[in-house]
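Listed below, chain by chain, are the residues.
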Amino acid sequence: MSAATTASAAPIPVGFLGCGFIAELHASMLAGCREANQITAVYDTDRERCASFATKWGAAPAASEDEVFDRCEAVFICTWTSEHRRLAVRAATRGRHVFCEKPLAFDSADAAAMVEAVKRTQVVNSVGLVLRSTPAMRTLRELTRDPSSGRVMSIVFRDDQYIPIQGMYASDWRGDRERAGRGVLLEHSIHDLDLLEWLAGPIARVAATQSFYHDIAGIEDAVAVVAQFESGANATLSTLWHDVTSRPSQRRIEVFCERALITLEDEWSGPVHVERDAPAGAIRQTIQNDELSSWLERRGIQSDWPHDSFLRAIREGGSATPSFADALRAHRIADAIYLSAENDGRSFAVPK
Ligand SMILES: NC(=O)c1ccc[n+]([C@@H]2O[C@H](COP(=O)([O-])OP(=O)(O)OC[C@H]3O[C@@H](n4cnc5c(N)ncnc54)[C@H](O)[C@@H]3O)[C@@H](O)[C@H]2O)c1
């Protein structure tokens, strides 16, 4: 049960569909949530995984999806991507609150159907776009939005990961179009598309190229994007799956504003550097590791992970952040990027 269980509130019974790599992360995050919760029933088609996950988190290994829906008020969908739409729509139809991993689906048409299902059934919904919550990302955003920085002019975003069909991820499904849908942009950098808009507002147009160095059908492993924001700012995103196995995953972001350059060197621990003009000369500051949380706290910014927001919305009513609708925006951008890459890099508008 959650470490921070309050005396009065009964724990919210939570279920898991899929008990792999990311399910472990969510289970440990739930254990640290302020709202009382209890992982009650879990299901994985891999029965060994299901049993060991259930034992570790004190839950019952369920014999079917339905058993999880029967016994739980909220479900975490942590299967490979091809199952997300079907399971999320089933959960919503059964009146279960639903937290679904990113990407929501293979494309924005399926993601829109998921948004429609949670709206119709009025269940609380959230998505695993967890990078909005890391102290390093929140610091980057605060510095970017500080009025003294001026307007955002340009963002340089590089995202690299060793292709996750090996190493600690060891997931063969990420090399299978039937289960993953696409490659590095959809599977990994859907986060980046969400972060770009979260940092600098709506993206109006994109142009892109893609490559297939690993020769896996339908699984692109290098994508370069030029994006133009409605504000007039621009961004370049370079994302790739390589074979440098000492580099599990890292994002580097440079935000050039009119009067400041803010650089993030790692999405979790920073450092975040800021260099800005001031009447008495340039100010340079570096914030990293534990300093990030204290820097945010001094500005009254609480860390709010999606798990907290999801459980709070179930308990108190209201909506959770980020929601399925937030994720749908990232899918619309991804669709426009693939369209561009399949059309010789022509520029395409991102539908509203
Ligand atoms: N938010 C993040 O930063 C983040 C990080 C990693 C993965 N993910 C996402 O999480 C999802 C899972 O990734 P993973 O790394 O945990 O993969 P994984 O291979 O470790 O785990 C997936 C599990 O789902 C199970 N499964 C498949 N179909 C099922 C079904 N119908 N019912 C029950 N179980 C089923 C598989 O047996 C497997 O154990 C993917 O969509 C991935 O994109 C998100």
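Reading the values: rules and limits
- Residues numbered from 1 in each chain as written.
- Predicted model: local features only at pLDDT ≥ 70, side-chain atom pairs only at ≥ 80, totals over all residues.
- Domains from an automatic or database assignment.
- Contact = placed C-beta atoms within 7 Å.
- Core = buried A, V, L, I, M, F, W, Y, C linked by C-beta atoms within 7 Å.
- Buried ≥ 20, exposed ≤ 12 C-beta atoms within 10 Å, placed from the backbone.
- Helix = DSSP H or I, 4+ residues; strand = E, 2+ residues; numbered from the N terminus.
- Pairing = 2+ DSSP bridges.

## Section: the domain arrangement of the chain
And then number 1: The domain boundaries assigned to the chain delineate domain 1 (12-129 + 309-322) and domain 2 (131-302 + 331-349).
And then number 2: The centre of domain 1, based on its C-alpha atoms, is set 26 Å off from the matching centre of domain 2.
And then number 3: Tallying the contact residues gives 13 residues for domain 1 and 17 residues for domain 2.

## A closer look at the nonpolar core
And then number 1: Within the largest apolar cluster, 101 residues are counted, with the highest numbers of intra-cluster contacts made by Val42, Val98, Leu196 and Ile337.
And then number 2: With eight residues, helix H12 (residues 324-341) is the single largest residue contributor to this core.
And then number 3: Both domains that furnish three or more residues to this core are identified here as domain 1 (12-129 + 309-322) and domain 2 (131-302 + 331-349).
And then number 4: Here Val42 is in contact with Gly15, Phe16, Cys19, Cys50, Phe53, Ala54, Ala59, Pro61, Ala62 and Val68, once residues within four sequence places are set aside.

## Re the pairing of strand E13 (residues 272-276)
And then number 1: Here strand E12 (residues 260-264) pairs with E13 via five bridges, running antiparallel. What sits directly across from Ala260, in E13, is Arg276.
And then number 2: Pairing of E13 with strand E14 (residues 283-287), which is carried by five bridges, proceeds in the antiparallel orientation. Within the sheet, the bridge partner assigned to Glu275 lies in E14 and is Arg284.
And then number 3: Once E13 ends, the chain turns through six residues before running back antiparallel as E14, passing Gly281 with a positive phi of about 115°.

## Quick notes on unusual backbone geometry
And then number 1: Geometrically, the link from Gly270 to Pro271 is a cis peptide bond, its omega value of 0° lying close to zero.
And then number 2: Inspection of the secondary structure puts Pro271 in the loop between E12 and E13.
And then number 3: Of note, the amide linkage connecting Thr321 to Pro322 takes the cis form, showing an omega dihedral of -10°.
And then number 4: Structurally, Pro322 can be placed in the loop between helix H11 (306-316) and H12.
And then number 5: Unusually for a residue other than glycine, Asp344 sits at a positive phi of about 55°.
And then number 6: Overall, the presence of 8 C-beta atoms within 10 Å leaves Asp344 in the exposed class.

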